[in-house]
Amino acid sequence: MFRTAMRNVLAHKARLLMTVLAVMLGVAFVSGTLVFTNTISSALSKSSAKGFDHVDVAVTAQRAADKGNSVGKEAKLTDATIKAAQETRGAGSAYGVVSGYAAVADQKGKLVGDGFSTKGGNYWGSDDARYPIKKGAAPHGANEVALDAKTAERAGYKVGDQVRMSVDGPVLTPTLTGVFTTDDGNVAAGGSLALFDTTTAQQLFHKPGSYDEIDVTAAAGTSQDQLKSALDKTLPKGQTETTTAQQLADDQADSIATSMSSMKTMLLVFAGIALFVGIFIIANTFTMLVAQRTKELALMRAVGASRRQVTRSVLLEAFVVGAVAAVAGLAVGIGIGAGLRALMGTTGAIIPDGPLVVSPGTVVAALVVGILITMLAAWLPGRRAAKIPPVAAMNAVHAAPTAKSLVLRNTLGALVSAAGVAAVLYATTMSGDSGQAPMGLGAALLVIGVFILTPLLSRPLIALAAPVLRAFGVSGKLARLNSVRNPRRTAATASALMIGLTLITGLTVIAGSVQSAINKMAADSIKADYVVAMANGNQLSPDVVQTLDKTPGVTAVSGLTNSPARIDGGTEYLTGVNGRTINQLAELPLDSGKFTIGGDKVVVDDKTAKENGWTTGSTFTTHYEDGKRQKLTVAGVYQANEMMRGIMVDTPTLAPHLSADSGDMQVMLKTSGGASDATKDKLTKALGENPAIQVKDKQDITNQVAQVFTLMLNMLYGLLAMAVIVAVLGVINTLAMSVFERQQEIGMLRAIGIDRKGIKRMVRLESLVISLFGGVLGIGLGVFFGWAAGQLIGNSMSTYELILPWGRMGVFLALAAVVGILAALWPARRAARLNMLAAIKSE
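So, how was this worked out
- Residues numbered from 1 in each chain as written.
- Predicted model: local features only at pLDDT ≥ 70, side-chain atom pairs only at ≥ 80, totals over all residues.
- Heavy atoms only, no water.
- Helix = DSSP H or I, 4+ residues; strand = E, 2+ residues; numbered from the N terminus.
- Axes fitted to C-alpha atoms, helices over the stretch in contact; angles between N-to-C directions.
- Parallel < 35°, antiparallel > 145°, perpendicular 65-115°, else oblique.
- Left-handed = near helix turned anticlockwise from the far one by under 90°.
- Contact = heavy atoms within 4.5 Å.
- Nonpolar A, V, L, I, M, F, W, Y, C, P; charged D, E, K, R; others polar.
- Phe/Tyr/Trp six-rings, centres within 6.5 Å; stacked < 30°, edge-to-face > 60°.
- Buried < 20%, exposed > 50% of the residue type's maximum accessible area, 1.4 Å probe, protein only.
- Expected span 1.5 Å × (residues − 1).
- Arc of directions from axis to C-beta.
- Core = buried A, V, L, I, M, F, W, Y, C linked by side-chain atoms within 4.5 Å.
- Pairing = 2+ DSSP bridges.

**A word on the environment of Arg830**
At step 1: Looking at the secondary structure, you find Arg830 in helix H26 (residues 825-832).
At step 2: Separated by 70 residues in sequence, Arg830 and Lys760 have C-alpha atoms that sit 8.7 Å apart.

**Examining the packing of helix H23 (residues 743-751) against helix H24 (residues 756-794)**
At step 1: Interaxial distance between H23 and H24 falls to 10 Å at its minimum, and their mutual angle equals 135 degrees. When the interaxial angle is binned, H23 and H24 end up oblique. The chirality of how H23 crosses H24 is right-handed. Contacts from Ile746, Leu749 and Arg750 in H23 reach Arg756, Ile759 and Met762 in H24.
At step 2: In the contact of H23 with H24, the residues fall into four nonpolar, no polar and two charged.

**What to know about the packing of aromatic side chains**
The description of an aromatic ring pair uses the distance of the two centres, along with the angle that the planes make with each other.
At step 1: Evaluated as defined, the whole model comprises seven aromatic pairs.
At step 2: Ring centres of Phe196 and Phe205 lie 6.3 Å apart, and the angle between their planes is 70 degrees; this geometry places the pair in the edge-to-face category. When sorted by exposure, Phe196 lands in the same class as Phe205, which is buried.
At step 3: Centre to centre, the rings of Trp614 and Phe620 are 4.2 Å apart; their planes meet at 10 degrees, and the pair counts as stacked. Here Trp614 and Phe620 have matching classes, each one buried.

**Quick word on helix H25 (residues 806-823)**
Side chains three or four residues apart in an α-helix point the same way, a direct result of the helix having 3.6 residues per turn.
At step 1: The end-to-end C-alpha distance of H25, which contains 18 residues, comes to 26 Å, matching closely the 26 Å that a straight helix rising 1.5 Å per residue would cover.
At step 2: Those residues of H25 not exposed but buried are Met809, Phe812, Ala816, Ala817, Val819, Gly820 and Ala823. Along H25, the residues classed as buried sweep out an arc of 155 degrees about the axis, all on the same side. Seen from the open side of H25, the exposed residues pointing more than 90 degrees away from its buried face are Gly807, Val811 and Leu822.

**Remarks on the nonpolar core**
At step 1: Counting 90 residues, the largest nonpolar core has Val277, Leu497, Met498, Ile499, Phe785 and Met797 as the members making the most contacts within it.
At step 2: When residues in this core are grouped by element, the largest group, 13 residues, is from helix H8 (residues 245-292).

**What to know about the pairing of strand S17 (residues 570-577)**
At step 1: Examined bridge by bridge, strand S16 (residues 554-567) and S17 share seven bridges and lie antiparallel to one another. Bridge pairing links Pro564 to Tyr573 in S17.
At step 2: Two successive antiparallel strands, S16 and S17, enclose a turn made up of two residues, where Asp568 displays a positive phi of approximately 55 degrees.
At step 3: Sheet topology places S17 next to strand S22 (residues 647-650); four bridges connect them, and they run parallel.

Structure below.
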């Protein structure tokens, strides 16, 4: 039986090629994902670990425990703390670390780095071991700065140049005194690092006289753990926390692994989809191979082969095919991993240098996935082959499914589909995260149910194409009859394409509807002409709102400041606004009361009011972050949205209780001339053409949202393209094997007068009909899932409404048609070139 199985594999190399390709693509996706994520994680971990070479123990401030209803404050690290650390037994040296956001512009005024990766810090003394000076000297004084070598090169700065930069608002132009090298992982990943002397850094980052961290090195003969224990005894208890550099490196590695896990999970999900689609091809291939060898298998049973031996023979064939595909997929996957890493470099993301990581786990995963998927898909055809009685050798090769089996399949499909629809509809009545699990379960059941019912659905749906096919004469009629001749085969072929288009359509419907909802929300809730914010989302300097208020043509300005507070034992966030102008800048429908903000009067969003049991006129006591308390009165309850929500307090009421480093998260403003390019340029110039500050009108906000969704959809389309490619291979495989089975029939058609063009047209139309059938099912399911998911989203987004992208759905259907036409090219050519007499004589 082993020799028989091997002989069959070698005898059907061409027919198994598409199966090998399908499995190989899925395995390549899996192994490529693992190689890529492992390589990036390893490079980032090693790079970040280098950043801890000059520290053995890090000391950080501990947040004081909450007292009563006041918000806990963080203790400060000062020069006295550094002195105490230096005098600790076993300590070698200690230095203070100050860090913050520092945006550096290049010579053309554009931001270097991206948002959160643009950082600033302090250069300790005149010779900081962390940052070896490559050119020039260390910075001293308020008007000097040092840049990392990569940033200086990208921005085009040389020692002595004026560097255009910003910390929290005003533009700074310090002189570049030095260029340094660093092992900082942020810089290695494409970020920027600007260093000032310690005093300047403390002032710029609103930390006068204090440090974010104190790094301590160990004296010779002292371990990190020993130094940590000594520091714990020396430093004030309850005010500081100590961590060894090894622990910091381990934590950083865990953080990197966690951040990469979401990307890995997403990629593996799409790899799983491609493999799931591949199962249809494998099952189809082995079903057709078994059908073609019915007489052979029956003869083997007649000469003594048991059912178990026949099943093992088919599974052994699947094992060989899976092993070959897995090895090939692993090799291709390693190439994909290297390619993805190079691709990230072209998008502007800079990854630290490091070797390509192909772990033993990746190799094992590739082999296990490839072999198991193939054998699993081939098990059912193998089981069917084992049930063939010896007398079947006297019957026709193609036995039609019994009525009993079709009734059983249709009944099972109807039940599973009904359960899926019920679960999805039930999930739409739920809210938030609670509806996600039943929604996912219902979607899976419905897809499986529709797949089971596809043979039943194929006849009526394909019959709808009859009027169009009649225009192609005999070829069109034969194509329609051939496509429903074996409904199960048609179902498996169409289902592979159906799954890919279901996901693509569903995601497109959801993304388009959410984007429309956000656009509507921006138009309805924001009356301001412009919103000003930092590029990285940090707080703005108080100078920004003052500058904008004095700019000619600005009629109303309000900063939005967030501050934590304790209310009724829980933490809530207060939003400080200009009570006199906020009505002119925001449109927030009131459920009750008046939109009056000033003194002790505040307005609260409907959800916060409901959670706390507040109504118009209710009073509550708030404990500010400085520990002081005040009784506030609810003047009105407004309807919250994704852009504005929470407890709004007049800024003069909130300001006395804010910490020294507090600032506006954004500034809203209205101008006399409305939004225009000229007004935007005027505001940008008023702010010093600061690269770190963004001035956005409503259109900019909606465009920004649109870019995010477009990027997301393009990524998802690219990932789902693998499943579509596998589906195309399935159509090619099915048609090619179908042509092989129908050699005699095609020969007879040629003999009675159908020319080669007619044969080609017949095969192409058959492929087109099957592909469009899968496309219609996929788009229909995708729209249903998009609607259902939208019901969940609508519970938390009041402006959400279903938007059907008719244009894109038309493109998807056209894509299905193109898939059908392209997939038929080779099988149609092969059918047309069959020798008429040889085909008639074939069995």
